[in-house]
Each structure stands twice: as structure tokens, then as C-alpha cells.
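# Architecture and fold: a report
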Amino acid sequence: QGKKGLATWIVSMAIALVLVLLSPSLSVSHIDGLAVAIALTTTALGTLMPIIKERDLEGTPVGGGILSFGTWGELCPVLAMALLLSSRSEWKTLLILAVFVLVCVIMAIVPAKARRGGHRIYRFLATSQAFVRVTVVLLIGLVTVSAVFQLDIVLGAFAAGFILRYVIPEGDHELESKLDAIGYGFLIPAFFVVSGAKIDLAGVGENP
């Protein structure tokens, strides 16, 4: 289903580019046209997830499908923005993304090996409260790295989720319930408020 999700996003991006080409006021050779095309393929997964949870769709075919397709609809536009809308040259952006991926891979492999080896530091950190704190530090750290590299901070948040799932592939219900409370109770609302506050309403009004 994940492969279908990626293929669907690629098709969606192609359709979006065609729509921009057909638009008399936009052009794919300019940043405004590319931005609109990327926006047309974007999934607001942070908005959908609370709805999936409230409707008890987690673990169902519908919920799994929304998660699989929505993940690509969130991640691919972030990567597309980094490559197509960056003020840096494309090779510099690709190099920065490669370094970021390398950092994430190291951060995933080291604790996973420590877990499999039964290292005492991992056993200490694997207690419920400690793991929540470590996860929050991981999230803040990767979001900070994204900001330093001038990447979308959503990329850092996604990376933290991928790392956590790699370290605990079978999941941890108690940990996830606590992270849900932190995420949906504080971090995600704060993200949307801050994102909305950055919109230049006067500029949008002058040139809709």
C-alpha cells in the first residue's frame, strides 16, 4: 500500500503540473507555479490523524490506507519544496538532505543495536517516563537540525517518527498513548497556530 501511495503522489504531481500549465496566470518555470503544483498534492496528515483516532479507524483498511497515502502526501511535498523552492542550488540541497538522512540513519541504528544487544543504558532509558523524554528530545533535536539546515521542520518530525518506529518496530501502546497526549494536546495545535500566524494576510489580500 505504501508503494501505491508513492505512485499515487507522483501521478498527482503530474496532474498538478498539467493544471498549472493550463492556467493563464501561473507557470511551472516560476516559483509561484511550482508552489501551487506542490500545494495541490499536499495531504494535511496532522489534521486527518485526530479524525482517524476519534472514529476508531486505526488498524482498519480505511485507516491504514489514509495513513499510507497521507504519509507520502505529507513527506513528498516537503522534499519537493526543499529541492524546487530552495534559494540554494540543487546540488547543495541534495547534499544537505543526504547529510540529514545520514544523521537520521545513525540515530536509528545505534539505539536499535543497543536494544537487540540488551545494553544496560537502553534498559535504563526504556522505562516509560524516560522513553517519553528521550523521544521528545529526539523530536526537538531533529526539528532543530531541520531548521539549521533550512529544511521544513515537518521533515524533522517525520524523521523522528521513522526512527522511533525502527527502534520499536512492534510499537509500544503505553508510550504511544503518552506521545499522543503530548502531540495532539500541545505540539500539533501549537504547530498549526504558529504556521497560521506566519501567513501574510495583508499580502494575500493585495494579490489573491
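Our subject is the structure that appears above.
Presented here is an overview of the structure given in this document. (Residues numbered from 1 in each chain as written. Predicted model: local features only at pLDDT ≥ 70, side-chain atom pairs only at ≥ 80, totals over all residues. Heavy atoms only, no water.)

### Focus: helix 1 (residues 2–22)
Taking 1.5 Å of rise per residue, 21 residues should cover 30 Å, and helix 1 covers 30 Å from first to last C-alpha, within 8% of that figure. Three or more residues of helix 1 are buried, namely G5, W9, M13, A16 and V20. End-on, the buried residues of helix 1 take up no more than an arc of 85°, which puts them together on one face. Facing away from the buried side of helix 1, by more than 90 degrees, are the exposed residues K3, K4, L21 and L22. Next to the buried residues of helix 1 lie helix 2 (31–40) and helix 4 (61–84). (Helix = DSSP H or I, 4+ residues; strand = E, 2+ residues; numbered from the N terminus. Expected span 1.5 Å × (residues − 1). Buried < 20%, exposed > 50% of the residue type's maximum accessible area, 1.4 Å probe, protein only. Arc of directions from axis to C-beta. Contact = heavy atoms within 4.5 Å.)

### Considerations on the nonpolar core
Among the nonpolar cores identified, the biggest contains 26 residues, and F100, L142, L151, L155 and I163 are the most heavily contacted of them. Every element with two or more residues in this core is listed here: helix 3 (45–54), helix 4, helix 5 (90–116), helix 7 (128–148) and helix 8 (153–167). Tallying contributions element by element places helix 8 first for this core, with eight residues. Among residues more than four places away in sequence, those in contact with L151 are A82, R88, I96, L97, F100 and S146. W9, M13, V20 and A37 belong to the second largest nonpolar core, which has eight residues in total. (Core = buried A, V, L, I, M, F, W, Y, C linked by side-chain atoms within 4.5 Å.)

### Side note on the packing of helix 4 against helix 5
One way to put it is that helix 4 packs onto helix 5 with a least axis distance of 8 Å and a crossing angle of 140°. It follows from the interaxial angle that helix 4 and helix 5 lie oblique. Of the residues in helix 5, those in contact with L79, A82 and L83 of helix 4 are E90, T93, L94 and L97. Taken together, the residues of the contact of helix 4 with helix 5 break down into five nonpolar, one polar and one charged. (Axes fitted to C-alpha atoms, helices over the stretch in contact; angles between N-to-C directions. Parallel < 35°, antiparallel > 145°, perpendicular 65-115°, else oblique. Nonpolar A, V, L, I, M, F, W, Y, C, P; charged D, E, K, R; others polar.)

### Looking at the packing of aromatic side chains
Within a pair of aromatic rings, the relevant descriptors are the distance that separates the centres and the angle that separates the planes. Scanning the model with the defined rule gives two aromatic pairs in all. Aromatic side chains F158 and F162 sit 5.9 Å apart centroid to centroid with 40° between the ring planes, which places their arrangement in the tilted category. With F158 and F162 both in helix 8 and four residues apart, the pair spans about one turn of that helix. Residues F191 and F192 carry aromatic rings whose centres are separated by 5.4 Å and whose planes lie at 70° to one another, so their mutual orientation is edge-to-face. (Phe/Tyr/Trp six-rings, centres within 6.5 Å; stacked < 30°, edge-to-face > 60°.)

### Concerning the environment of A98
Locating A98 in the fold gives a position in helix 5. In the structure, A98 is positioned 97 residues away from S195 in sequence and 26 Å away in space, judged by C-alpha atoms.

### Examining the packing of helix 1 against helix 4
Packed helices, taken two at a time, are described by the angle their axes make and the gap between the axes. At a minimum axis separation of 8 Å, helix 1 and helix 4 run at an interaxial angle of 45°. Here helix 1 lies oblique to helix 4, going by the angle between them. Seen from above, helix 1 lies across helix 4 with right-handed handedness. Of helix 4, the residues touching helix 1 (which contributes G2, K4, G5, L6, T8 and W9) are S68, F69, W72, G73, C76, P77 and A80. (Left-handed = near helix turned anticlockwise from the far one by under 90°.)

### Here's the deal with the pattern of salt bridges
Scanning all chains against the criterion turns up four salt bridges. Between K53 and E58 there is a salt bridge whose closest N-O contact spans 2.8 Å. Overall, K53 belongs to the partly exposed group, its relative accessible area being 21%. Taking relative accessible area as the criterion, E58 reaches 48% and is therefore assigned partly exposed. Between E174 and K178 there is a salt bridge, with the nearest N and O atoms lying 3.6 Å from each other. Of the two residues, E174 and K178 are both situated in helix 9 (residues 173–197); the distance of four residues between them amounts to about one turn of the helix. (Salt bridge = Lys/Arg side-chain N within 4 Å of Asp/Glu carboxyl O.)

### So, the side chain of S68
Take S68: it is sitting in helix 4. Assessed through its relative accessible area of 19%, S68 is described here as buried. Those residues within four positions of S68 in sequence are excluded, and the remaining contacts are Q1 and G2.

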